[in-house]
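An overview of the molecular structure
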Amino acid sequence: MEVAELTGDISAPADVRFELTAQRTELTLASGAKVEAWTYNGEAVPELRVKEGQMVEVVLANRDVEAGVSIHWHGYDVPNAMDGIPGMTQNAVKPGESFRYKFRAKQTGTYWFHSHQQSSEQVEKGLFGRLIVEPAEEPSPYDVEETIVLHRWKTDRGYRTAFGLEDGTRTLPIPSGRTVRLRIINTDNLSAAYLLQGTPYAVTAIDGTPIRQAALLPENTSLRIGSGGRYDLTFRMPDGPVYLKAGAADAPEGPVLVLSPDNDAPAPVFQPASGSFEPGHYGEAVENEVTAEAAKFDREFRMIFGNRMGFYNGVFHFLWTINGRVLPNTPTFVVKEGEKVKMTFVNRSLAEHPMHLHGHHMTVLKHNGKRVVTPWITDTLNVAPGDTYEVGFVADNPGMWMDHCHNLYHAATGMILHLMYDGVRPSYEAGTRSGNLPD
Ligand code: C2O
Ligand code: CU
């Protein structure tokens, strides 16, 4: 099989269709700071909202982004030919060209999409959006839904962190008693701690996957979301205001969301976090083919993260390495369809590395050598310095896939490896000659 043939069955007509045109756009944050942005459709963080089971078609065009663009469906396990990786699963879409993505919406939940051509630059500049997939059956069980996208924009006043385009305080009126779901997406390169205060809340999904029996957390619990990660938080609106921010309680900078039952909330004051949310000890444990204590794995791979100085693309850099190497010298992990795979991440470097595996979801099994009480499912696992994680997955989506650090600056200097299925042949070529620059 060739990558280009791995489209899945897309013979059925599309149920829903979108057009996204990459274009240079000037965006203005709420403070007035200006961003020389690149966007899809001239918008900051456009939303694609579809229903489970629908055949989705998205036509990507490029008006004037010189280097070419693509769309990667982050966390959405589409067939390989729809994964949006220039030089691996398609050619970069140059100005005047277009590419058609078509896939069936099989997973529900909170996802996002972004260009995967020179991603560290293109994502920072705004080539990303939200992908929300609602369950087929019912309308939302929540009265109010809000999606919060944390992004760090490069503006004419320096870097500014915002929820969407809001880099100050925004107030949203919500009558008390209403049920609320906040979907939080972190599109920044670094993880952030989030404080949601004024009400106890539950974490009802991580990276799009629902958590069963999600209990309310003690008040003032904080949570940390790594780059590329998504958490859904739910609560019932209390009589008083609810505040959300990213960062430490006393950090003066950064956006704040105020949910107010009466439109007259006092200025937000944050308490220090009472504790930190621990996904390995929460809700009902996931049980699947890889979680059994006695599960046998067909393949085991190990990634050790380190750092050293060295050349990358002819430039002397501080390098973030996998097993001592950077792309194209990182190992390639080869699997066969149907195999159970165990992957171990060992972080011996000085920074966190949010590891993102394309095309598959990982179940977290062990943290620092101990089995987690409640295995959970993720597509982007933040590995802190000194930490070790063991994850498992089933190789059930044939193709050539990226597995990389979602600090896109680290990826841009080679912190990437490839997961290859035995017998899958390439259809495209990466590198400056082809113009396909997938990092
Ligand atoms: Cu969100 Cu390889 O990317
Ligand atoms: Cu990294």
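Up top is the structure these notes are about.
So, here is what we can say about the structure in this document. (Residues numbered from 1 in each chain as written. Chains lettered and ligands numbered in written order. Predicted model: local features only at pLDDT ≥ 70, side-chain atom pairs only at ≥ 80, totals over all residues. Heavy atoms only, no water.)

Each helix and strand counted, the protein has two helices and 32 strands in total. Here the protein has a C-alpha radius of gyration of 21 Å; the compact-globule value for 439 residues is 22 Å, and the two agree. Overall size of the protein, expressed as C-alpha extent along the three principal axes, is 60 × 55 × 50 Å. Counting only residues that meet the buried cut, the protein has 56% of its 439 residues in that class. For the protein, the share of sequence-separated contacts (at least 6 apart) that also reach a separation of at least 24 residues comes to 75%. Counting only carbon and sulfur atoms, one obtains 49% of the accessible surface of the protein, whose full area is about 17,700 Å². Taking the average location of the 40 positive side-chain charges in the protein and that of its 54 negative ones, the two points are 4 Å from each other. (Helix = DSSP H or I, 4+ residues; strand = E, 2+ residues; numbered from the N terminus. Rg over C-alpha atoms; globule rule 2.2 N^0.38 Å. Buried < 20%, exposed > 50% of the residue type's maximum accessible area, 1.4 Å probe, protein only. Contact = heavy atoms within 4.5 Å. Areas by Shrake-Rupley, 256 points an atom, 1.4 Å probe, with all protein chains shown as cover. Lys, Arg positive; Asp, Glu negative; His and termini not counted. Charge placed at Lys NZ, Arg CZ, Asp CG, Glu CD.)

One open sheet accounts for six strands, arranged S10-S9-S12-S17-S14-S15; its pairing is mixed. Looking at which strands have only one partner, the edges of the open sheet turn out to be strand S10 (158-163) and strand S15 (209-210). Note: strand S14 (residues 202-206) against strand S17 (residues 230-236), four bridges, orientation antiparallel. The residue of S17 that forms the bridge with Ala205 is Asp232. (Pairing = 2+ DSSP bridges.)

Within the open sheet, the five strands sit side by side as S23-S32-S31-S25-S29. Their pairing is mixed. In this open sheet, the two edge strands, each paired with only one partner strand, are strand S23 (332-335) and strand S29 (380-383). Within the sheet, the average angular offset between the axes of one strand and its neighbour, ignoring direction, is 20 degrees. Where strand S25 (residues 353-357) lies against strand S31 (residues 400-405), three bridges are found, and the strand directions are antiparallel. Of the residues in S31, the one forming a bridge with Leu357 is Asp403. (Axes fitted to C-alpha atoms, helices over the stretch in contact; angles between N-to-C directions.)

To continue, consider the pattern of salt bridges. Inspection of every chain in the model, using the stated rule, returns 22 salt bridges. Residues Arg130 and Glu47 are paired through a salt bridge, measuring 3.3 Å at the closest nitrogen-oxygen approach. Separated by 83 residues along the polypeptide, Arg130 in strand S8 (residues 128-134) and Glu47 in strand S3 (residues 47-51) bring together distant segments of the chain. A residue is classified by how much of its surface remains accessible, and Glu47, at 29% relative accessible area, is partly exposed. Two residues, Lys342 and Glu390, come together in a salt bridge whose shortest N-O distance is 3.5 Å. Note that Lys342 is positioned in strand S24 (residues 340-347) and Glu390 in strand S30 (residues 388-394), a separation of 48 residues in sequence. Of the two residues examined, Lys342 and Glu390, each falls in the buried class. Connected via shared salt-bridge partners are Glu47, Arg49, Lys51, Arg130, Glu134, Glu145, Arg181, Arg183 and Asp232. (Salt bridge = Lys/Arg side-chain N within 4 Å of Asp/Glu carboxyl O.)

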